[in-house]
Amino acid sequence: GRQTQGRAIRRTASGGAIVYRFQSRDRYAPPTSHHQSMKALIPYLKLMHGSYNVLVMFLLIYQGLIGIKIRKRRTAGEPQDFILIKRHRRNGPVFALMGCLGYLAGIAVIYLDKGKIFEYPLHFITGSTIAFSLITTYLISKGIKGMESPLRTPHFILGIVILCLYPVQSFLGLGILF
């Protein structure tokens, strides 16, 4: 049994035809399950996962730039830009949730494709580290109160870790896609 690609045609009661495209060991067998139909979507789901997470990466870079601008003004003793602070506080939880959803989508796609989630261990570990850091950064941010909160530095450091890991994760993901 060589693996082949092909198509099968089934006539409907009304005289129409349904064309199945398949990859099978038996060149004359049409897809027999929902699983095979889902397998055909996997390349598109992988591309969507990667595209979505690149968008999240750019949103988090934007969020980080706002955070750095706020931090520089605070440490320099300059008056704070409360519009920027409000934007940073409003967008942070949304972007963190988006990152975690992208992580979960990646797990779902690889499980549907390979039947296990550890197929690409380095990509999985990096994604897990990013998701953990996003959640931790969010939880830390909830405890930041006042101008001199000791939680600001861990929040900043985790933000830098996230921003450093996302391009690495994207590079690893490109290796999986292509």
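Every chain is numbered on its own, with residues counted from 1 as its sequence reads. In keeping with the predicted nature of the model, local features appear solely for residues at pLDDT of at least 70, side-chain atom pairs appear and are counted solely at 80 or more, and the whole-chain, interface and lining totals rest on all residues. Note that water and hydrogens are dropped before the side-chain values are worked out from all heavy atoms of the structure.

**So, helix α2 (residues 82–114)**
Note that an α-helix has 3.6 residues per turn; residues three or four places apart therefore point the same way.
Piece 1. Helix length check: α2, at 33 residues, gives a terminal C-alpha distance of 48 Å against a target of 48 Å (1.5 Å per residue), a fit within 8%.
Piece 2. Of all the bends in α2, the greatest, near 30 degrees, is centred on Asn91, and the proline Pro93 appears no more than four residues after it.
Piece 3. You can read the cap of α2 off the contacts: a side-chain oxygen lies 3.2 Å from the backbone nitrogen of Ile83, and it is on Asp81.
Piece 4. In the segment just after α2, Gly115 is the residue with positive phi, at about 85 degrees. Helix and strand assignments come from DSSP, with helices taken as H or I runs of at least 4 residues and strands as E runs of at least 2, each series counted from the N terminus. Multiply 1.5 Å by the residue count of a helix minus one, and that product is the helix's expected span. Bending is quantified residue by residue as the angle between axes fitted to the seven-residue window ending at that residue and the seven-residue window starting at it. Within 3.5 Å is the distance limit for a polar contact, defined as a pair of N or O atoms, with the added protein rule that one can donate a hydrogen and the other accept it, and that residues adjacent in sequence qualify only through two side-chain atoms.

**Some points on the pattern of salt bridges**
Opposite charge on two side chains permits them to pair, given that their charged atoms come into close proximity.
Piece 1. The rule for a salt bridge is simple: a side-chain nitrogen of Lys or Arg has to be within 4 Å of a carboxyl oxygen of Asp or Glu. The tally for this structure, following the rule as stated, stands at five salt bridges.
Piece 2. The partner of Lys46 in a salt bridge is Asp113, with the nearest N and O atoms 2.9 Å apart. Remark: Asp113 occurs in helix α2 and Lys46 occurs in helix α1 (residues 34–75); sequence separation between them is 67 residues.
Piece 3. Relative accessible area decides the class of each residue, using a 1.4 Å probe on protein chains only: under 20% of the type maximum gives buried, over 50% gives exposed, and in between gives partly exposed. By relative accessible area, Asp113 is classed as buried at 14%.
Piece 4. When the shortest N-O distance is used, the salt bridge between Lys116 and Glu119 registers 3.5 Å.
Piece 5. Taking relative accessible area as the criterion, Lys116 reaches 46% and is therefore assigned partly exposed.
Piece 6. Salt bridges sharing partners connect three or more residues here, namely Lys39, Lys46, Asp113 and Lys114.

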